[in-house]
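Descriptive structure summary
The residues making up each chain are set out below.
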Amino acid sequence: MDRSLVLVLRELSEADVADVFTRLTGVRGFGASVPHEVCLSDALVDTIAYCARGWEVAETAANPRLTPSQLCRLIEAGGDPVVAAAFPPGEETDPGGDEVGDLDRARRELRRPGVTAERALALLQAYPVLAHTARRGGSASVLHSPDLPVTRTEALDQVGPALRAGVLAPREILARMRPARVAAQVLAVVSREHSYVTGETTIHDVLRPRIIATLGADPAAWAQLARRLGRFGGTLPELFAEAKAHADKPTIAVPAAVRPSVVFLLRRLDADELTALIPHLDDAAAAALLPGNVPPLPNVAEAALRCAHPAMLAALAEHQTIGRHYARLLKDLGDDRLDRLLVENRSGVTAELRREIYAGRRAGRPRVPMHPDLRAQLINEPHFGGEPESYAMSGDPGVVDHALPKCGERKLRRIDWIDIVLSLWERADAKVTGDILANHGALFPDLIRSTAQAALAADDPTALRELRARWDRGPRAEPPVPEHRRPAVDRVRDTPLDQWHSWLSAAVVAGELDTEEVVRHARPARHAFEALVAIDTYHWAPGDPRPALAHLAKRIGANPEAWVVLTGLIAEFEGTLAELADLSSAAAG
């Protein structure tokens, strides 16, 4: 049975789900098994156990998100074949000696070929966690021995499936995993891994209260944490408490081996707290707060600007997704080194902003001469020759003289030609402007050239400004906001979904969009269903889809024929899920 249909079926009441499920399994092409990774209701599991054939019960038992009691119910109904389907036999490594606990012995027994249903039930009732750990080979130490140390490789191998199955949550990783360095590494990976889709927000909400309650913005405590993280054998909360209690020197020198983990923890602080800490950080750690593979976090970027930390400002200027806001703020600082970095950042900085840098325009400051190093780059380095129309309006005589011959075929606007003359006049003087006009006058439109010559002779640029005002049509229109930068609530309402709709589930998981909006506005219905399936997979993150799905099930109703109509329409229906539910209910009568 299709996983998206199961999501809605599980929201039916116990009295209704049996009739609807039985009717749907009678439709050609619909089976009774639910082997997918999806959470089921107890009523739906009971119905499958009662109505389905043996092999369908066994397939359903392969669903890793069944609760221990649900799995026991299926084993009771299907017997030994269900045990074999739920716990594939496999070779287990025996650590030997006293390291083997009762859980590990029970797990190996459950994974041996030929284990009976009666014995499996006894083991699951004694150790419910085996409903998850006995399904997989390899180590199960994270769940079997959560207070014992674990390596990073072992932890990452177990954490992903456990999170998806619902038997582990990030707060448990924080509270119990040791050593602290491994816990920090695992939380950092979980926060950014697409396969887990937790999002930065979820992990942030778990970590920040603990950090603020212990370390806060105390540089001495953070310095102690950076020194001890690599060797500390306890949990992260224990390390936080010890670092606070034994705070010493405030200089935060972060060893390279633990720098990613320390920086990950530092990013939990807000802008004010980071502003207090950044002056105590070494340059490498400060720059690492702005990794180049993700957009700059607002709290980190704001703190970098407040502190004017050279390494952080350089990292921000070089960032490939710096954005207009921060790029403009950096440009207005008036730092020639940052200007050159912004000019070199072709991926993150717009041509319009580079044009302002070439012209030496900064908010609230007079225009200044171009820095010699920037001039040399524009003239001597070939890869800077791609936008001569931008630096032709810089007003720097050497750069303009170099750029004008390259603009001949690019057909600048008439007001751009006027701006070239006026910018030279303002940044240099009338004599230099006359020399440039004499050397390259043939490139200028006739009316602009004659007007400029007359203005230079009169030593008054008024005529040029009047000519420009006559032709000026106002500022160029702002480019449209890219689709991926629009608010999710707007996109879901006016943009039909296609097969690349992961942004929708990511927005719900991050708490930016309510699942009710998906039901009411996302279309076509088949892609909306797919998004809800993805959201349900990460059930412990923000954006629980179950209230919206329960409302959808209520709209469809308890009439089994309405569900049959829905299954027949969904593949081609171009409307929303809410519209599909209403149509199915009405068609069934």
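Described in the following lines is the structure provided in the data block. Here the structure is a predicted model, which is why all the values come from computation and not from measurement. (Residues numbered from 1 in each chain as written. Predicted model: local features only at pLDDT ≥ 70, side-chain atom pairs only at ≥ 80, totals over all residues. Heavy atoms only, no water.)

Moving on, we get to the overall build of the protein. Within the protein, the secondary structure is distributed over 38 helices and zero strands. Taking 2.2 N^0.38 as the reference for a compact globule, 589 residues should give roughly 25 Å; the C-alpha atoms of the protein span a radius of gyration of 33 Å, well beyond that estimate. Each principal axis of the C-alpha distribution contributes one length, and for the protein these read about 105 × 70 × 35 Å. Counting all 589 residues of the protein, 49% fall into the buried class. In the protein, the proportion of contacts linking residues at least 24 apart, taken out of those at least 6 apart, comes to 67%. Summed over all atoms, the accessible surface of the protein reaches about 26600 Å², with 52% contributed by carbon and sulfur. Here the protein carries 69 positive and 80 negative side-chain charges, and the mean point of each set is 4 Å from the other. (Helix = DSSP H or I, 4+ residues; strand = E, 2+ residues; numbered from the N terminus. Rg over C-alpha atoms; globule rule 2.2 N^0.38 Å. Buried < 20%, exposed > 50% of the residue type's maximum accessible area, 1.4 Å probe, protein only. Contact = heavy atoms within 4.5 Å. Areas by Shrake-Rupley, 256 points an atom, 1.4 Å probe, with all protein chains shown as cover. Lys, Arg positive; Asp, Glu negative; His and termini not counted. Charge placed at Lys NZ, Arg CZ, Asp CG, Glu CD.)

This part takes up the packing of helix 28 (residues 414-427) against helix 31 (residues 462-471). Direction vectors running N to C along helix 28 and helix 31 enclose 150°, while the axes themselves pass 10 Å from each other. The orientation of helix 28 with respect to helix 31, classified from their angle, is roughly antiparallel. The element helix 28 and its partner helix 31 pack so that their crossing is left-handed. Contact residues: Arg414, Ile415, Ile418, Asp419, Val421, Leu422 and Trp425 in helix 28; Leu464, Arg465, Leu467, Arg468 and Trp471 in helix 31. (Axes fitted to C-alpha atoms, helices over the stretch in contact; angles between N-to-C directions. Parallel < 35°, antiparallel > 145°, perpendicular 65-115°, else oblique. Left-handed = near helix turned anticlockwise from the far one by under 90°.)

The next thing to look at is the nonpolar core. The nonpolar side chains of soluble globular proteins are, as a tendency, buried together. Within the largest apolar cluster, 106 residues are counted, with the highest numbers of intra-cluster contacts made by Met177, Trp222 and Leu236. Looking at this core, the element that brings in the most residues is helix 13 (residues 180-192), giving nine residues. Excluding anything up to four places from it in sequence, Leu236 contacts Leu174, Ala180, Ala183, Ala184, Leu187, Leu229 and Leu265. Of all hydrophobic cores here, the second largest spans 76 residues; its members include Leu5, Val45, Val518 and Ile570. (Core = buried A, V, L, I, M, F, W, Y, C linked by side-chain atoms within 4.5 Å.)

Our focus in this paragraph is helix 20 (residues 298-307). By the burial criterion, the buried members of helix 20 are Asn299, Val300, Ala301, Ala303, Ala304 and Leu305. Next to the buried residues of helix 20 lie helix 18 (271-277), helix 21 (310-318) and helix 22 (323-331). Backbone geometry just after helix 20 places Ala308 at a positive phi near 55°.

With respect to the helices and strands, Glu356 occurs in helix 24 (residues 351-359). Separated by 34 residues in the primary sequence, Glu356 and Ser390 have C-alpha atoms spaced 8.7 Å apart. Setting aside residues up to four positions removed in sequence, Glu356 forms contacts with Arg328, Lys331 and Arg361.

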